[in-house]
Structures are given as C-alpha cells and as structure tokens.
Amino acid sequence: MSRAMTTRLSNPRPPDAAEGCTIELDAAPSLLGLYARGLVARHHGDQLPATDVALRDQAIDVEHLAAYQRVCGFRIRDELPPTYLHVLAFPLAVSIMVDRAFPFPLTGLVHLANVIEQRRPVRVDETVSLHVHAADLRAHESGRQVDLLAAAIVGGETVWRERSTYLKRGKSGSKPPRVPSEAPDGPTVLIRVPGDIGRRYAAVSGDRNPIHLHPLTARAFGFPRAIAHGMWLKARTLAAIEARLPEAFSVDVAFKTPVLLPSTVSLVAVRQDDGWTLDARNAKSGKPHLSGSVTR
C-alpha cells in the first residue's frame, strides 16, 4: 500500500465493507506511482486482501468537476454526474490491486462491467468519504474475475455505490465466441469520438494507462490504435440522456469491444417502464462497444 497511509481498525465500518482492517489514506494516492508499482509487484496467493481502503471527508474540487463534465459531455452544474465518484474512488481501488496480497498483476486485467447505484444526487458543496474493497473472487469462462466495490458516504449516509468487475485471463482461457446481436430499435445518437479523447480523459481521471494515450503505446499492448476508456464511454452514454435520468437509479453496463480512436459511436437509448436500455456500437461496422440498462 501507499506510504502516505496509516493503518488502524475503524468502527463503525461502512455498509458492504470486507471483514478485516481498514486502511486510512491521508490523501488520494498517485495513479502514476501506483502503476509503476504494478509493473514490478509480485503477486501471490489465492485469496483477496481483507482490507477496506478509506479516504474520508473529501471536498469536491469545483474546477476539476467542471473539467470532467466537459470531457464527458455532461452539463456544467452543481450536482455530480453519477460516474464522477468513480474517478475519486479509482485510485483507492488501484492501491488494492497493486498490493502483493492481491492475486493478479494489474497489467493485463480487463474491465468487464461496471454497476453504479446513485441513491441520491451529491452536491458539489458536500464532503464525501470513500471506501473501497475487493470481493467475490470467482471463475470465469476465460479465466478468473473479481469485483472492486466502492461506496461514497455523506454525513453517515451511503449515497452512492459501485461494482467494477475485472477479468484475469487464465493460461488456458480464451475469448468465448461472440454471439452476434442486433441493435435495439430506437432513436439513434451519433457520438464523434476524437483521437485525443484518451489523453483528455486521462487528464481529468488520472488514469494514464498507455493503451489510451497514443497509437505507439497502444500497439505495445496489442491494439492497432489507442482506445477510449470504458468509463469515459459509460459517462458519455449517460450524458446523452442526462436530462431524463431520475434522482435515484442504478446503471449496469458490460464493456464489449474497445472503441478505437478516432471513431464514431452509434448510441441507442430505448425507454422502458422502469428506465432505459442502452446500446453503443461502432457506427460503421456495428461492433458492440457497450450494452446495459438504467433502472429506477
């Protein structure tokens, strides 16, 4: 874990926290430093670290929030977009994933899915405490997967929760055959994804994974061009229906094929009785990039 943290048992524990020690951070750790650790860390064991990483009483940086809203296409306003707290919690999650007790190396993990539950809007003038822990190490047809669970607490109330699912491919694991699917019928929005969106999102999120930054660095990891961050695509999808989202909802998405940069994405959002069905695809090839739903 980061040297900037102190360790102590904390009580009461946040909802859904793992049993074990709470590690209190003095400040959000640097993602660049964590990525550097992740390149050399030796992982061992077959269990998840039983720790809850906490960062308490964080004020929202108004300028940073506005920059995030602009990059992701949200309106500039004093309520946090539902995906913004992911950016604040992500360094805590990475600090767990680079720990030696975590069973997988950070390099090569695939972000499969993300679920966010917004219980109420969070205002920019509120202070937020964040808690993250790992859970549910389990088998996957292509290897093994694990969840990183995050919670945001304001005044003792859990206002936001997140589950990010990551896959570590096994030695014998392979990608299962993709079953072609048809895009749902509904109004279509074309989203132009510029070639620099990976660098722009990295600037506001701190997530400077080389696969998102430049074609040369992306090729080193097997991609023909740089790819968009999955969480940027989720945020941009929600921004397209922002004005019609309720105050409390859950948004569950699965990440499919990467968005190569630059690109044009065709987004279909179909209204259902209890929310929305979401489908984002390459506008030319029809390859699926994201599918999901918003439910009240």
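Summary of the structure given here. (Residues numbered from 1 in each chain as written. Predicted model: local features only at pLDDT ≥ 70, side-chain atom pairs only at ≥ 80, totals over all residues. Heavy atoms only, no water.)

Bringing the overall build of the protein chain into the picture now. When helices and strands are tallied, the protein chain shows six helices and 12 strands. Burial analysis of the protein chain (296 residues in total) assigns 49% to the buried set. Long-range pairs, those at least 24 residues apart, make up 69% of the contacts in the protein chain with a sequence separation of at least 6. (Helix = DSSP H or I, 4+ residues; strand = E, 2+ residues; numbered from the N terminus. Buried < 20%, exposed > 50% of the residue type's maximum accessible area, 1.4 Å probe, protein only. Contact = heavy atoms within 4.5 Å.)

The subject of this paragraph is the nonpolar core. Phe102, Leu148 and Trp232 are the most contacted members of the largest nonpolar core, which totals 74 residues. The biggest single contributor to this core is helix α3 (residues 84-97), with 10 residues. What Trp232 contacts, discounting residues up to four positions off in sequence, is Val71, Cys72, Ile191, Val193, Ile197 and Tyr201. (Core = buried A, V, L, I, M, F, W, Y, C linked by side-chain atoms within 4.5 Å.)

The subject of this paragraph is the packing of helix α2 (residues 62-72) against helix α6 (residues 230-240). At a closest axis distance of 9 Å, the pairing of α2 and α6 adopts a crossing angle of 80 degrees. The orientation of α2 relative to α6 falls into the category roughly perpendicular. In this structure, α2 contributes Tyr68, Val71 and Cys72 to the contact, and α6 contributes Trp232, Ala235, Arg236 and Ala239. Broken down by class, the residue content of the contact of α2 with α6 amounts to six nonpolar, no polar and one charged. (Axes fitted to C-alpha atoms, helices over the stretch in contact; angles between N-to-C directions. Parallel < 35°, antiparallel > 145°, perpendicular 65-115°, else oblique. Nonpolar A, V, L, I, M, F, W, Y, C, P; charged D, E, K, R; others polar.)

This part covers the pairing of strand β9 (residues 249-255). Residues Phe249, Val251, Val253 and Phe255 point to one face of β9 and are all buried, whereas Ser250, Asp252 and Ala254, pointing to the other face, are not buried. Relative to β9, strand β4 (residues 110-118) is paired through six bridges, and the arrangement is antiparallel. Paired with Val115 across the two strands is Asp252, which belongs to β9. (Pairing = 2+ DSSP bridges.)

Now for unusual backbone geometry. Between Leu261 and Pro262 the backbone carries a cis peptide bond, its omega angle lying at -10 degrees. Of note, Pro262 is situated in the loop between β9 and β10 (263-272). Positive phi, normally seen in glycine, also occurs at Asp57, with a value near 55 degrees. As for its placement among the helices and strands, Asp57 is situated in strand β3 (residues 51-58). The class for Asp57 is exposed, based on a relative accessible area of 58%. Positive phi values are uncommon outside glycine, yet Asp136 reaches one of about 60 degrees.

Counted according to the given criterion, the structure contains four aromatic pairs. Measuring from ring centre to ring centre gives 6.3 Å for Tyr68 and Phe74, while their planes differ by 15 degrees; the resulting arrangement is stacked. On the basis of relative accessible area, Tyr68 is assigned to the buried category, the value being 0%. Relative accessible area serves as the criterion here: at 5%, Phe74 is assigned to the buried category. Between the aromatic rings of Phe102 and Phe104, the centroid separation amounts to 6.1 Å while the plane-to-plane angle is 90 degrees, which identifies the pairing as edge-to-face. (Phe/Tyr/Trp six-rings, centres within 6.5 Å; stacked < 30°, edge-to-face > 60°.)

Where α2 contacts helix α4 (residues 197-205), the axes come no closer than 9 Å and their chain directions differ by 160 degrees. When the axis of α2 is compared with that of α4, the two are roughly antiparallel. Read as a crossing pair, α2 and α4 show a hand that is left-handed. Each of His64, Ala67, Tyr68, Val71 and Cys72 in α2 lies in contact with α4, whose residues at this interface are Ile197, Arg200, Tyr201 and Val204. Of the residues that constitute the contact of α2 with α4, the class distribution is seven nonpolar, one polar and one charged. (Left-handed = near helix turned anticlockwise from the far one by under 90°.)

Pairing between side chains becomes possible if they bear opposite charge and their charged atoms approach one another. Taken as a whole, this structure holds 16 salt bridges when the rule is applied. Here Asp196 ties to Arg200 by a salt bridge, and the two come within 3.9 Å at their closest N and O atoms. Residue classification places Asp196 among the partly exposed positions, given a relative accessible area of 29%. Among the charged side chains, a network of salt bridges with common partners joins Arg120, Arg123, Asp125, Glu126 and Glu157. (Salt bridge = Lys/Arg side-chain N within 4 Å of Asp/Glu carboxyl O.)

Right, let's talk about the side chain of Thr165 for a bit. With respect to the secondary-structure elements, Thr165 resides in strand β7 (residues 157-169). A residue is classified by how much of its surface remains accessible, and Thr165, at 6% relative accessible area, is buried. Every residue in contact with Thr165, bar those within four places of it in the chain, is listed here: Val110, His111, Leu112, Ala113, Arg138, Gln145, Val146 and Asp147.

Our focus in this paragraph is the environment of Ile211. Structurally, Ile211 is set in the loop between α4 and α5 (215-219). Overall, Ile211 belongs to the buried group, its relative accessible area being 13%. Once residues lying within four places of it in the same chain are set aside, the contact partners of Ile211 are Ala218, Phe221, Phe223, Ala226 and Ile227.

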